[in-house]
Amino acid sequence: MDRVIVIRYGEIFLKGKNRGFFEKLLITNIEKKIKKFDCALKRNRGRYEISSYNLSVETEIIDELKTVFGIKSISIAQKIKSDVDVMTDIILKDIPKNVTFRINTHRADKTFPLTSPQVSAVIGEKILDSDGSLTVDLHNPDIEIQIDIREDGYTYIFKDKIECAGGMPVGSAGKGLLLLSGGIDSPVSGYMMAKRGLSLDAIHFYSYPYTSIQSKEKVVELAKIAAKYCGAMNLVIVPFTKIQEAIHEKCCSDYMITIVRRFMMRIAERVAIFRDCGCLVNGESLGQVASQTLQSINVTNSVIERLPVFRPVIGMDKQEIIDISRKIGTYDISVLPYEDCCTVFMPDSPVTKPSIHRAEAEETKIENMNSLIEEVLDNLEIIKIEI
């Protein structure tokens, strides 16, 4: 008998002939998470199994597995030979007195001589005969005992399933560039796209001295938390000061935020293409602020020439976004009171229904626009965020 951690995937089952690609990637991502532990990982036809680990690190291993996209659930199980009498003995040793119970059996090994309902019935009867304090309750039991009979001649016995992140393995859907501000929404957007298999780099626009060193450090911390789910990433820091000063000096104040965001999108697309990213990801939520009205999003998006822009929180309200940020651990960092680029030179009344024609007219006032962008691209800072 061995104590093991059983790992189950979910959506990968739907991938048919391509399942091997997704399984291999999931194994790679799991290995990265558990490499610091002395343990063994093996595949067992639709299950993965971690064994030979010190019990003192079991909780730590489970915490790491909870952050791996592609894993649906895990269980701490006893691994034994597929024998009804052995199964019964193991259950009797572990089940407390005076409780109600139910046995659920999953028989992956179709050569096993009993069907799943028969296994549950036979073992349930043996348990009742051995301990008169126990009672079967099929509807609301105190304890549910799970029996998973595998194809290799072994069976897992466990009680609980620990729900994990779900989704698809990071890296299975390509790579994107996340526009990472210091706020609540963009880390959640990165998390949601990583859950769909997208690996990420991130880009942050930094306007020192108008934004402080602490605001930059805040974004680095957000990237480190995101990397727990998204994997290692490169954080691209864009020196945005000169561009914002030029916009403040040359453009009408009500269009400043619109022009700032158009510059950000241009630069982000250039960086994304250079870094082999197939899309941009941002934290825009429709109608949340002036720069996120339908008209504003259309005007800022119009400068994008080649890449799609994904907005995974576009239809969510603020509380829904906050709830996810709390779950993934970014909320407390996001609400630290350090300014970001979008608060620099903030106009009293930003336009909520800008037009592309007017935005383009405002940009013509910045005669050296292209050279400012090129200067920025020549002076990027790259911070490697490891897991």
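These lines cover the structure that appears in this document, whether it is placed above or below. (Residues numbered from 1 in each chain as written. Predicted model: local features only at pLDDT ≥ 70, side-chain atom pairs only at ≥ 80, totals over all residues. Heavy atoms only, no water.)

1. Brief notes about the packing of aromatic side chains
And step 1. Counted under the stated rule, the structure contains eight aromatic pairs.
And step 2. Geometrically, the ring pair formed by phenylalanine 21 and phenylalanine 22 is edge-to-face, given 5.0 Å between the ring centres and 75 degrees between the ring planes.
And step 3. By the ring-pair criterion, three or more aromatic residues cluster together here, those being Tyr9, Phe13 and Tyr48.
And step 4. Cation over ring: arginine 266 sits above phenylalanine 263, and NZ or CZ is 5.6 Å from the ring centre. (Phe/Tyr/Trp six-rings, centres within 6.5 Å; stacked < 30°, edge-to-face > 60°. Lys NZ or Arg CZ within 6 Å of the ring centre and 35° of its normal.)

2. As for the nonpolar core
And step 1. One finds Ile203, Phe240, Ile247, Phe263, Ile267 and Leu280 to be the most contacted residues of the largest nonpolar core, which totals 37 residues.
And step 2. For this core, the elements supplying multiple residues, two or more each, are β10 (175-179), β11 (199-206), β12 (233-239), α7 (241-250), α8 (256-274) and α13 (369-377).
And step 3. For this core, the leading source of residues is α8, giving ten residues.
And step 4. Each residue touching isoleucine 203, except ones within four places of it in the same chain, is listed here: Leu177, Leu178, Leu179, Leu180, Leu235, Val236, Val238, Ile267, Ala268 and Val271.
And step 5. Within the second largest apolar cluster, 35 residues are counted, among which are Leu180, Tyr191, Ala227 and Ile324. (Core = buried A, V, L, I, M, F, W, Y, C linked by side-chain atoms within 4.5 Å. Buried < 20%, exposed > 50% of the residue type's maximum accessible area, 1.4 Å probe, protein only. Helix = DSSP H or I, 4+ residues; strand = E, 2+ residues; numbered from the N terminus. Contact = heavy atoms within 4.5 Å.)

3. Here we look at the packing of α7 against α8
And step 1. With their axes 10 Å apart at the nearest point, α7 and α8 run at an angle of 150 degrees to one another. Pair α7 / α8 crosses with right-handed handedness. Counted together, Ile243, Gln244, Ile247 and His248 of α7 and Met256, Ile259, Val260, Phe263 and Ile267 of α8 form the full contact between these two elements.
And step 2. Broken down by class, the residue content of the contact of α7 with α8 amounts to seven nonpolar, two polar and no charged. (Axes fitted to C-alpha atoms, helices over the stretch in contact; angles between N-to-C directions. Left-handed = near helix turned anticlockwise from the far one by under 90°. Nonpolar A, V, L, I, M, F, W, Y, C, P; charged D, E, K, R; others polar.)

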